Amino acid sequence: MLKIIDKKLNHSFGEEKNKKQIILTHTSRNIEEYLTSLKYRNHGKYDKIPHYVISKDGDVIQTLDDEKYTKYIGQPTFDKQSIIVSFENLGWLEKEPLKNHHINWLGSIYKEKVFDRKWRDFFFWEPYTKKQIEKTAILCKILCEKHSIEKTCLGHNTKINRMDTFKGILTRSNIDEDVTDVSPAFDFEYFIKKLEI
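Presented here is an overview of the structure given in this document.

Cut-off values and rules
- Residues numbered from 1 in each chain as written.
- Predicted model: local features only at pLDDT ≥ 70, side-chain atom pairs only at ≥ 80, totals over all residues.
- Heavy atoms only, no water.
- Helix = DSSP H or I, 4+ residues; strand = E, 2+ residues; numbered from the N terminus.
- Rg over C-alpha atoms; globule rule 2.2 N^0.38 Å.
- Buried < 20%, exposed > 50% of the residue type's maximum accessible area, 1.4 Å probe, protein only.
- Pairing = 2+ DSSP bridges.
- Axes fitted to C-alpha atoms, helices over the stretch in contact; angles between N-to-C directions.
- Phe/Tyr/Trp six-rings, centres within 6.5 Å; stacked < 30°, edge-to-face > 60°.
- Salt bridge = Lys/Arg side-chain N within 4 Å of Asp/Glu carboxyl O.

**Remarks on the overall build of the chain**
Looking only at helices and strands, the chain has 5 helices and 13 strands in total. The C-alpha radius of gyration of the chain comes to 16 Å, within 12% of the 16 Å expected for a compact globule of 197 residues. Overall, the chain is about 50 × 40 × 35 Å in size when its C-alpha atoms are taken along their principal axes. Taking all 197 residues of the chain together, 49% fall into the buried category.

Have a look at this one:
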């Protein structure tokens, strides 16, 4: 049984019951700051709301009903047919000169061990936690069953053309080469293993 924390917002542009995809993304900020920004940004009318947010500790927070959609991806086909699951994660990081930490593009400080791999012109990444991956696999299994979404995951974060026709689990970086979520720090092998249990 998966405990889902209900923090649903009333922001949406419509409903679409025929979901075909689950898109994995990340927040680029800590969980409290992110949830506050979803609620109050643009005077409470922010138009990029994910359906679920998974904290570093593995808490599963629902911010939007499954059938609703916003402009999260910015392409109507994806927005309508997808359920968005976003990880609490700072994304790409830069080493602060003469300091003992890294920062991301928003200035958030990260003092733990980084994941080091060059990808899309960046070198350092905040790791995703095992708890996040495990809870996301459970959530994806539930969502696939509930919405008849194929329990298939691409298993990488490289951009592929015509992803609007793909049925299953993908990442925002599979759709757009200008974004970095999910990053190379995401353990696809572990995720797929947990998804198949």
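**Brief notes about the sheet that holds strand E12 (residues 122–125)**
Strand pairing in a sheet takes place through backbone hydrogen bonds and is either antiparallel or parallel in direction. Sheet architecture is open: 5 strands sit in the order E10-E9-E8-E12-E11, paired in antiparallel fashion. The open sheet has two edge strands, strand E10 (109–110) and strand E11 (115–119), and neither has a second partner. Here strand E8 (residues 92–95) pairs with strand E9 (residues 102–103) via 2 bridges, running antiparallel. Counterpart to Glu94 in the pairing with E9 is Ile103.

**A short note on the sheet that holds strand E13 (residues 168–171)**
One open sheet holds the 6 strands; their spatial order is E1-E5-E4-E7-E3-E13, and the pairing between them is mixed. The strands lining the two open edges of the sheet, one partner per strand, are strand E1 (4–6) and E13. With direction set aside, neighbouring strand axes in the sheet form an average angle of 25°. Bridge count between E1 and strand E5 (residues 60–62): 3 bridges; the pairing is parallel.

**Some remarks on the packing of aromatic side chains**
By the definition in use, this model includes 8 aromatic pairs. Considering the side-chain rings of Trp92 and Phe122, the 4.1 Å spacing of their centres and the 15° angle between planes classify their relative orientation as stacked. Of the two residues, Trp92 is situated in strand E8 and Phe122 in strand E12; the sequence distance between them amounts to 30 residues. Classification of Trp92 as buried rests on a relative accessible area of 15%. Under the relative-accessibility criterion, Phe122 is labelled partly exposed at 22%. Each residue in the set Phe87, Tyr128, Phe186, Phe188 and Phe191 is aromatic and connected to the rest through ring pairs, giving one cluster.

**Overview of the pattern of salt bridges**
A full pass over the atoms with the stated rule returns 9 salt bridges. With its nearest N and O atoms 3.6 Å apart, the salt bridge here joins Asp65 to Lys8. With Asp65 in the loop between E5 and strand E6 (68–69) and Lys8 in the loop between E1 and strand E2 (14–15), this pair connects stretches of sequence that are 57 residues apart. Through salt bridges with shared partners, one network takes in Asp6, Lys8, Asp65 and Lys68.

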